[in-house]
Amino acid sequence: METYDALLASITPAEGAAGREILDPATGKVVGIAPVHTLSDLEAAVAAAQAAQPGWAAAGHEARSKALLAAADAIERNAEELATLLSREQGKPLNGPNARFEVGACAAWLRAAATTPLEPETVVDDGETRATLHYRPIGVVGAIGPWNWPMMITVWQIAPALRMGNTVVVKPSGMTPLSVLALATVLNEELPADVLHVVSAGRDVGARLAEHPAIGKVMFTGSTAAGRAIIRSSADTVKRLTLELGGNDAGIVLPDADPAAIAEGLFWGAFINTGQTCAALKRLYVHEEIYEDVCAALAEYARNVPMGVGLDEANLLGPLQNRSQYEIVDRLVQAAKDSGARVLLGGDPDPDAAGHFYPTTLVADIDNDNPLVAEEQFGPALPIIKYATVDEAVAKANALDVGLGASVWSTDPAAAREVAARLEAGTVWINSHGAVDPRIPFGGHKQSGYGLEFGTEGLKHLGVPQVING
Ligand code: NAD
């Protein structure tokens, strides 16, 4: 693929085929036309993936890893075109931890999936009994993803699946199909035919993918509500599932923390991708002794971070990806204001803005049961809650039924780790929030889902364990 236009043309439906306009969330202008695939397109994709799977499995780890490494190179060859399309469709800026960063992460996760070792494990070998544990391909894996990090999360789902000898059918979010179609087009420059298919369709097709008898496993990332629906759809065929669901991550700032030193980390922990990140910091608990200082340092940092159209190189924050998410953020901030909470920054969206821009918003003096705290805002509005004792902060942090990530901020790492151990979250970061690493397992607690992604654990979740006893 040589140019942005060629990439876009390659995913545009043929003349006469069903298509749907995708609008730029920053400007309202048309980004491109997405195909509208049907249940019969899904059947065709699943059948083709099923037919290709035995050959892909038989190719072995080495050949599959080589193909994934070549696919990572293809991403890098097309990085600027992919980042431009991602920025226009999703809204995220090119710079900062946004579109170029996301495309770079796609290449990094492909390489990690290709090079992570997974040897058979000897479980018992005592002279009498010999048992070894192996991971065999599952078959065809369905991958259903969200609109916030559409390319990166698709790679998180498909790279380990392919490495383990499965073929994949992807159902991207209807909000960001172009990004995933373009990603797959680039990957398919290097992958064998039919090991990776994308079906660009609505929830009905997603629901069918989740119940399809030929699908052995569903990798799902999205809301907890849709995750529950997928559990139900997959029940009749007892599918394997990895569910990465919603979060409402707490951060706890201990009294010994240095407000000026942590302001930048707190900001990006909360506002990465303009707050539209599963494991972003969504509720901040600050000890009363340093509460005002942390609020002031955070507001000082936040007010200088530019928000605007993603293709403008200066911007680091963008619009909400869609109107319904904008309305959720607006409703939650309004609820906070109605309760008498103190708005430190933002909270005053321009109703005449062309795009779904919601200003960077910080809200102090807010109760733990306020909707802006208790519900997932998934946007650029952070509530800051004052606490008096660490026990109180831990109880409040653990009070919700989700637990994806959490963080503890302190100059004493040992004390922070003690608090971390008490938090009900799949990952607890110390003095940072939300940083993921392809070597380190990632997954949720409570209704944030189950199963692990990344690293050796992530590969194991894309295989069927088989014990050879004897
Ligand atoms: P969503 O649940 O609305 O949609 C996700 C995907 O599921 C889409 O492709 C959608 O078409 C599909 N879908 C919806 N209902 C379905 C059904 N019944 N059967 C099959 N497929 C169905 O989520 P979203 O709004 O796109 O994403 C935002 C949510 O995702 C947030 O809650 C966020 O926290 C979560 N998320 C979690 C992670 C994680 O790793 N845990 C990562 C990113 C986003």
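If you're wondering where the values come from, they're calculated on a predicted model, not measured in any experiment. (Residues numbered from 1 in each chain as written. Predicted model: local features only at pLDDT ≥ 70, side-chain atom pairs only at ≥ 80, totals over all residues. Heavy atoms only, no water.)

S.K.: Could you clarify how one ought to interpret the packing of helix α2 (residues 39-77) against helix α6 (residues 177-187) in this entry?
M.R.: Packed helix pairs are specified by the crossing angle of their axes together with the interaxial distance, meaning the distance between the axes. One way to put it is that α2 packs onto α6 with a least axis distance of 8 Å and a crossing angle of 125°. Our classification of the angle between α2 and α6 gives oblique. Seen along the crossing, α2 lies across α6 with a hand that is right-handed. Contact residues: A71, A74 and I75 in α2; L183, V186 and L187 in α6. Split into classes, the residues belonging to the contact of α2 with α6 amount to six nonpolar, no polar and no charged. (Axes fitted to C-alpha atoms, helices over the stretch in contact; angles between N-to-C directions. Helix = DSSP H or I, 4+ residues; strand = E, 2+ residues; numbered from the N terminus. Parallel < 35°, antiparallel > 145°, perpendicular 65-115°, else oblique. Left-handed = near helix turned anticlockwise from the far one by under 90°. Contact = heavy atoms within 4.5 Å. Nonpolar A, V, L, I, M, F, W, Y, C, P; charged D, E, K, R; others polar.)

S.K.: Whenever I open this one, the packing of aromatic side chains confuses me. Can you help?
M.R.: When we look at a pair of aromatic rings, we describe it by the centre distance and by the angle of the planes. For the structure on display, the rule yields 11 aromatic pairs. On the basis of an interplanar angle of 90° and a centroid distance of 5.0 Å, the ring pair of F267 and W268 is categorised as edge-to-face. Owing to a relative accessible area of 0%, F267 belongs among the buried residues under this scheme. Sitting above the plane of the W149 ring, K92 keeps its charged end 3.7 Å from the centroid. Positioned above the aromatic ring of Y326, the side-chain terminus of R323 is 4.1 Å from the ring centre. (Phe/Tyr/Trp six-rings, centres within 6.5 Å; stacked < 30°, edge-to-face > 60°. Buried < 20%, exposed > 50% of the residue type's maximum accessible area, 1.4 Å probe, protein only. Lys NZ or Arg CZ within 6 Å of the ring centre and 35° of its normal.)

S.K.: In this structure, what is going on with the packing of α2 against helix α4 (residues 99-115)? I would like to understand it.
M.R.: Their axes nearest at 8 Å, the elements α2 and α4 cross at an angle of 170°. Between α2 and α4, the crossing angle belongs to the class labelled roughly antiparallel. Read as a crossing pair, α2 and α4 show a hand that is left-handed. On the side of α2, the interface is formed by S65, L68, L69, A71, A72, D73, I75 and E76, while α4 contributes V103, C106, A107, L110, R111, A113, A114 and T115. Looking at the contact of α2 with α4 residue by residue, the class counts come to 11 nonpolar, two polar and three charged.

S.K.: Explanation requested: the nonpolar core in the structure shown.
M.R.: Grouped burial of nonpolar side chains is what soluble globular proteins tend to show. Residues I75, L110, L187, L191 and L196 are the most contacted members of the largest nonpolar core, which totals 70 residues. If you look at the next biggest cluster of nonpolar residues, it comprises 29 residues, including L332, V333, A336 and I366. (Core = buried A, V, L, I, M, F, W, Y, C linked by side-chain atoms within 4.5 Å.)

S.K.: It is not clear to me how the sheet that holds strand β20 (residues 463-469) should be interpreted in this structure. Could you clarify?
M.R.: Sheet strands line up and pair through hydrogen bonds in the backbone, either parallel or antiparallel. Here we have three strands laid out as an open sheet, ordered β3-β4-β20, and antiparallel in their pairing. Every other strand in the sheet has two partners, leaving β3 (121-125) and β20 as the edge strands with one partner each. In this sheet, adjacent strand axes meet at a mean angle of 25° when their direction is disregarded. (Pairing = 2+ DSSP bridges.)

S.K.: Any chance you could explain the UniProt feature "domain: Aldehyde dehydrogenase" (unreviewed entry) in the protein chain here in plain terms?
M.R.: The UniProt record marks residues 20-461 with the feature "domain: Aldehyde dehydrogenase" (unreviewed entry), using the residue numbering of this structure. Across residues 20-461, the secondary structure splits into 41% helix and 20% strand, with the terminal C-alpha atoms separated by 35 Å. (UniProt positions renumbered as here; feature names shortened; annotations may be inferred.)

S.K.: Sorry if this is basic, but what is going on with unusual backbone geometry here?
M.R.: Unusually for a residue other than glycine, D194 sits at a positive phi of about 75°. A positive phi angle, close to 50°, is found at K446, a residue other than glycine. Residue position: K446 is located in strand β18 (residues 445-446).

S.K.: Would you mind going over the site of the ligand with me for this structure?
M.R.: What surrounds the ligand is a group of 28 residues, the closest being G145, K171, S223, L245 and E376. For the ligand, an oxygen atom lies 3.3 Å from a polar atom in the backbone of G222. When residues of the shell around the ligand are traced back to their parent elements, those giving at least two are α7 (203-211), β8 (215-221) and α8 (224-235). Tallied by class, residues from the shell around the ligand come to 15 nonpolar, nine polar and four charged. (Near = heavy atom within 4 Å. Polar contact = N/O pair within 3.5 Å; in protein donor to acceptor, adjacent residues only side chain to side chain.)

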